[in-house]
Every structure is written in structure tokens, then in C-alpha cells.
Amino acid sequence: MSQLKVNSIIPTAGLGSGASGGVIQVISAAKTDSQTISLSGQGTTGNLSNLSPTITVTGSNKVLITGFISCDQNSSNYYNHIGIMLKRGSTVVGLGDADGNRRRIHSGIATATGYYYGNRGGATGAINFLDTPGAGTHTYNVELTSSYTQNTTLYVNRSGQNDNAIYRGRQISVLTLMEVSV
């Protein structure tokens, strides 16, 4: 079996002056199991299980994080949405700006829109962020939160209604890390 190991790949014409951004490595994790999480009020879930990829970064290179989270919720409040919080270790990264009492999150999942309540089927929220973690080994993970003040149950990778029927799909959630040269 042959192996080719390189630190980077450069086009035959070379990189332009001041160019950077070559992908050095890609690490990806896919959560295919379902998870049911009870939230007390506007709390957070803690790290989702089976979705914590680890990457070792060289020097001042950056990490491009992409992916999505599939989730549903049981809230009867159709204004409720699920917030995604992206974390590097215990540090939350990729947040919106602070503004009053508004919760800072990375992105959101609108599972209960219009006049439809929860338990209708999973929706997805996108993840996309360029992080500057510094050299070393870093583990990324995701927490979820509810905007509703009452207790809420979140269902990752499945709908709230879980009857055994073809119209109740099972999804996956994915977190991909790419080390990018600077």
C-alpha cells in the first residue's frame, strides 16, 4: 500500500504573493444517533454526545468549522427557537455581538414556525466559522439552547413525534474541521 504525506499542496504555478488559505487537513464527525434532552427554562444542553471532533493545529493556522445540527423540540410556543452555541473546549466561539439581554448564539434552528408547534419534524441549523485557536490540539463541540422560558424537550436527529412511520425521518448532525494555512 502506498502513502503520500505532505504538509501542504501548492499549485504548479505556485501561490500568488501573500496568498494563504490552503487546506492542510480535514477532520469530520457525524452524529447519527438520536438524543433527547430536557431543558429547564432557557438553559443549555451541555455538549451534544458523539459530536466532538479533535484537530491538532500547527503554528498560527486557522480552523474552518462547518456543519449543521438537526433538531426538533416539543414547545407549544411557536415563537420558540433553538440556538446553536459552537465551542472550542469550554470556550464559546463564533457568537453574535452582545446587545442588551439577548442571548449570544452562533446560529438558530426554527423548528416551530408560523402556526405550527413543535413535534412536527426536525429542522437544521448551519455552522460556519473561521476560528483562530492557536497551535495545539483542540476539541470542538456544540451546545443547544431554547429561547422559551418554560421547560422544553429537544430531540436531536429526530422529530418530537417518534411514531414508527415513513413520514418520521431520522437525520444526522455533522461537524467538520479544516486546518487552513495562514
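Structural notes, computed from the coordinates.

Cut-offs applied
- Residues numbered from 1 in each chain as written.
- Predicted model: local features only at pLDDT ≥ 70, side-chain atom pairs only at ≥ 80, totals over all residues.
- Heavy atoms only, no water.
- Helix = DSSP H or I, 4+ residues; strand = E, 2+ residues; numbered from the N terminus.
- Buried < 20%, exposed > 50% of the residue type's maximum accessible area, 1.4 Å probe, protein only.
- Contact = heavy atoms within 4.5 Å.
- Areas by Shrake-Rupley, 256 points an atom, 1.4 Å probe, with all protein chains shown as cover.
- Polar contact = N/O pair within 3.5 Å; in protein donor to acceptor, adjacent residues only side chain to side chain.
- Pairing = 2+ DSSP bridges.

## Here we look at the overall build of the chain
Helix and strand counts for the chain stand at zero helices and eleven strands. Tracing the chain from N to C terminus, the helices and strands come up as β-β-β-β-β-β-β-β-β-β-β. In the chain, which comprises 182 residues, the proportion classed as buried is 38%. For the chain, restricting intrachain contacts to residue pairs at least 6 apart in sequence, the fraction spanning at least 24 positions comes to 81%. Of the roughly 10,000 Å² of accessible surface on the chain, a fraction of 48% belongs to carbon and sulfur atoms.

## Some points on the environment of Thr36
Here Thr36 shows up in strand S2 (residues 35-39). Since its relative accessible area comes to 46%, Thr36 is described here as partly exposed. Taking C-alpha positions, Thr36 is 4.7 Å from Tyr155, a pair spaced 119 residues apart along the chain. Those residues in contact with Thr36 that sit more than four places away from it in its chain are Thr153, Leu154, Tyr155 and Arg158. Polar side-chain contacts of Thr36 include one of 3.4 Å to the side chain of Arg158.

## Quick word on unusual backbone geometry
Although it is not a glycine, Asn50 adopts a positive phi angle of roughly 60°. Within the element layout of this structure, Asn50 appears in the loop between S2 and strand S3 (54-57). Looking at Asn50, the relative accessible area reads 54%, which means it is exposed. Backbone geometry places Asn157, a non-glycine residue, at a positive phi of 65°. By the secondary structure assignment, Asn157 is in the loop between strand S10 (152-156) and strand S11 (173-180). Classification of Asn157 by relative accessible area gives buried; the value is 0%.

## Section: the side chain of Thr176
With respect to the secondary-structure elements, Thr176 resides in strand S11. At 2.8 Å, the side chain of Thr176 and the side chain of Ser28 are in polar contact. The contacts of Thr176, once residues within four sequence positions are left out, are Val26, Ile27, Ser28, Leu64, Ile65 and Thr66.

## Re the pairing of S11
Strand residues, when the strand is regular, have side chains that alternate between the two faces of the sheet. For S11, the buried fraction is high: eight of the eight residues fall into the buried class. Alternating residues of S11 divide into Ser173, Leu175, Leu177 and Glu179 and Val174, Thr176, Met178 and Val180, and every residue in both groups is buried. Where strand S1 (residues 23-31) meets S11, eight bridges bridge the pair, whose relative direction is antiparallel. Its bridge partner lying in S11, Gln25 is registered against Glu179. Strand direction decides the pairing type here: strand S4 (residues 62-73) and S11, joined by seven bridges, are antiparallel. Directly across from Gly67, in S11, lies its bridge partner Leu175.

## Regarding the pairing of S4
Of all the twelve residues making up S4, nine are buried; the element is thus mostly covered by neighbouring parts of the structure. Taken together, the nine bridges between S4 and strand S8 (residues 123-131) define a ladder with antiparallel strand orientation. Each residue of the ladder has a partner; that of Cys71, found in S8, is Ala123. Bridge count between S4 and S10: three bridges; the pairing is antiparallel. Each residue of the ladder has a partner; that of Asp72, found in S10, is Tyr155.

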